[in-house]
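# Reading the structure
One letter stands for each residue in the lines below.
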Amino acid sequence: MKSLFQQPPGTLLLVAFMVMASAFTTQAQGPRIQLGNLDHLATKASDTVDVTIDERLIQLAAKVFNEKDDDEAQIKKLVQGLKGIYVRSFEFDVDNAYAATDVDSIRAQLREPAWMRILNVTSKKEGNVEVYLSMNGPDITGLAVLSVEPRELTIVNIVGPVDLEKLTKLEGNLGIPDLGVEAPKKRKNEQ
Amino acid sequence: MKRATLVQVAAILLIVSFTANVGQAINDDFSSVVKMIEQYYNVKHEGLSFLAKAAMKAVGTGAKIKGGTARQLAEAGSIRLATFEDQDFNGDFLKFRSSLNDSLKDTWTPLVQTISSENAEQSYIFVREKGDKFSVLIVMIEKREGTVVQATVSAKSLALLMKDPEEGAKTIREEATIVDNE
C-alpha cells in the first residue's frame, strides 16, 4: 500500500479539501451560527444592520461599563462569560422579498441534538419568533433567535452561557433588538 | 571617529527616522481606508481648502459619539477626518464592505455596520483599545459624499456607543448630514 505522500498530487489535494471541509462543518455546528449566506439580502433590503460584539468587545464592555450606573452595571453583569453577540437584521419595502431557503439556511444550523428549540415562547409582535438553545450536556452554550416577518428578518445569536431571562434583559442593549420575547414565568415554588 | 563619519552617521539616522515616520503615516489604517475608498469608487478626498468644514464635521460627529460633549472629545486631541464631497459613489457595496473588513480585521474590531440600499448609505464603526482610551474608526458613504473619521474616545463614550450601536451609527450619520446642510 502506498503511503499518503506517495499518492499523486490530485489525491493529496482532495484529502486536504476534505479535511478543510470537515473543519468548516465542525465550526458550523458550534453555538456560533454562520450568517454569511444572508449577505446577498443586503441588496434587496431597504435597511441592513449588522452588529458584531465578539469576545474582544465583550471584554472591552466589561472595562467600559460603569459599575455606578445601574443600567451599565446590569449589562456588565449580564455579558460576563459571554463570547459573542451577533445580530443581523434586514428590513424590506415589500412583503416576502427574501426566499424561504434563506430562512431554511439558518434553521438548518439549528437542528438537534446541538440545538434545542424552546417551545411556549410568545411574541408580542406579528410574525414568527423562534428561540433555540445550544446545549452541551446540562450547560447552555448559546442562544439563537430567528424573527421572521413578511418585511423583516432578524437573527440574534448569543454565544456563551445565556438563557431566555438574560436575553429579555439584554433586549434593547448592545444591538439586540426588542424582539418581544417573554421569559417563561417562574413557578411559585421556584420563586 | 572622524568628524565626517559622524556627520554621515547622523545623516543616515535622520533619514532612517524620517523614512520610518513617513512610512508609519502612509501605512496607518486611516490613510489606508481613505486610499481604499478613493481607489474603489474612483473619488478624491478633500484638500486643505475644506479643512474648516471638515473640522466642523469632526466636532459634530465627535459630539454624538460623546453623547453631546464635543469639547471633551476635542481635548482627547486625536481626530483625523477625510471627506469626499459631491462625487459619485457607484459600486457594489457588498464588495466594498468585504474589502473594508478584510483590510481592518487584524487591527480593528467591527462593532456595527449598516447599509441602506434605498438611499445608497453605508456606515461602519470599528473600535480598538488605545492605552487607557479607545479608538473609533467611522466610515460613512452616501450617494454623493463620504466621510472617514478616526477619533480617540473615553471609556464612557465607548460605553454609550456599545449600549446602542445601531442608534449610535444612525445618529452619527444624521449628524453628518445636518452639518452638511448647514
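Check the entry above for the structure.
Below you will find a few notes about this structure. (Residues numbered from 1 in each chain as written. Chains lettered and ligands numbered in written order. Predicted model: local features only at pLDDT ≥ 70, side-chain atom pairs only at ≥ 80, totals over all residues.)

### Comments concerning the pairing of strand β5 (residues 139-149) of chain A
It is a general feature of regular strands that their side chains alternate between the two faces of the sheet. Residue and element names in this part refer to chain A. Across 9 bridges, strand β4 (residues 128-136) lies against β5 in antiparallel orientation. Across the sheet, the residue bridging to valine 129 is serine 147, located in β5. Here β5 pairs with strand β6 (residues 152-159) via 8 bridges, running antiparallel. Opposite valine 148, over in β6, you have leucine 153 as the bridge partner. Remark: 2 residues form the turn of the hairpin made by β5 and β6, two consecutive strands paired antiparallel. (Pairing = 2+ DSSP bridges. Helix = DSSP H or I, 4+ residues; strand = E, 2+ residues; numbered from the N terminus.)

### Some details on the interface of chain B and chain A
Each partner contributes to the interface: chain B provides 19 residues, whereas chain A provides 25 residues. Elements that contribute at least two residues to the side of chain B that touches chain A include exactly β2 (109-116), α6 (155-163) and α7 (165-181) of chain B. Among the elements that line the side of chain B that touches chain A, the one with the most residues is β2 of chain B, at 8 residues. By the bridge criterion, 4 bridges tie strand β1 (residues 47-54) of chain A to β2 of chain B in an arrangement that is antiparallel. (Contact = placed C-beta atoms within 7 Å.)

### A short note on the sheet that holds strand β4 (residues 133-141) of chain B
Pairing in this open sheet of 11 strands is antiparallel, and the strands run β3(A)-β4(A)-β5(A)-β6(A)-β2(A)-β1(A)-β2(B)-β3(B)-β4(B)-β5(B)-β1(B) from one edge to the other. Bordering the open sheet on either side are β3 (115-118) of chain A together with β1 (79-84) of chain B, each of which pairs with just one other strand. Neighbour-to-neighbour, the strand axes of the sheet open up by a mean angle of 10 degrees, direction not taken into account. (Axes fitted to C-alpha atoms, helices over the stretch in contact; angles between N-to-C directions.)

### Section: helix α5 (residues 93-104) of chain B
In this model, α5 of chain B (12 residues) spans 16 Å end to end at C-alpha, consistent with the 16 Å of a helix rising 1.5 Å per residue. Each element contacted by the buried residues of α5 of chain B is listed here: α2 (29-41), β2, β3 (121-130) and β4 of chain B. (Expected span 1.5 Å × (residues − 1).)

### Concerning unusual backbone geometry
Looking along the chain, the bond that leaves glutamate 112 of chain A and enters proline 113 of chain A is cis, with omega of 5 degrees. Position of proline 113 of chain A among the secondary structure elements: in the loop between α4 (100-107) and β3. Even without being a glycine, asparagine 96 of chain A presents a positive backbone phi close to 50 degrees. For asparagine 96 of chain A, a count of 9 C-beta atoms within 10 Å translates into the label exposed. For alanine 120 of chain B, which is not glycine, the phi torsion reads 55 degrees and is therefore positive. With respect to the helices and strands, the residue alanine 120 of chain B is situated in the loop between β2 and β3. (Buried ≥ 20, exposed ≤ 12 C-beta atoms within 10 Å, placed from the backbone.)

### Looking at helix α3 (residues 70-79) of chain A
Along α3 of chain A, the residues classified as buried are Glu72, Ile75 and Val79 of chain A. Angular distribution of buried residues about the axis of α3 of chain A spans 60 degrees; they occupy a single face of the element. Tucked into the core, α3 of chain A has its buried residues touching α2 (55-64) of chain A together with α6 of chain B. Taken from the residues just after α3 of chain A, glycine 81 of chain A is the one with a positive phi, measuring 90 degrees. (Arc of directions from axis to C-beta.)

### Overview of the packing of α2 of chain A against α6 of chain B
Axis separation between α2 of chain A and α6 of chain B bottoms out at 9 Å; the angle between their running directions is 125 degrees. On the basis of their axis angle, the class for α2 of chain A and α6 of chain B is oblique. Along this stretch, α2 of chain A crosses α6 of chain B, giving a crossing that reads as left-handed. Residues Ala61, Lys63 and Val64 of chain A of α2 of chain A pack against Ala155, Leu158, Ala159 and Met162 of chain B of α6 of chain B. A class-by-class count of the residues in the contact of α2 of chain A with α6 of chain B yields 6 nonpolar, no polar and 1 charged. (Parallel < 35°, antiparallel > 145°, perpendicular 65-115°, else oblique. Left-handed = near helix turned anticlockwise from the far one by under 90°. Nonpolar A, V, L, I, M, F, W, Y, C, P; charged D, E, K, R; others polar.)

### Some words on the pairing of strand β2 (residues 84-91) of chain A
Residue and element names in this part refer to chain A. With 6 of its 8 residues buried, β2 lies for the most part within the structure. Where β1 meets β2, 8 bridges bridge the pair, whose relative direction is antiparallel. Considered in β2, the bridge of threonine 52 is made with tyrosine 86. Relative to β6, β2 is paired through 8 bridges, and the arrangement is antiparallel. Within β6, the residue paired with tyrosine 86 across the bridge is asparagine 157.

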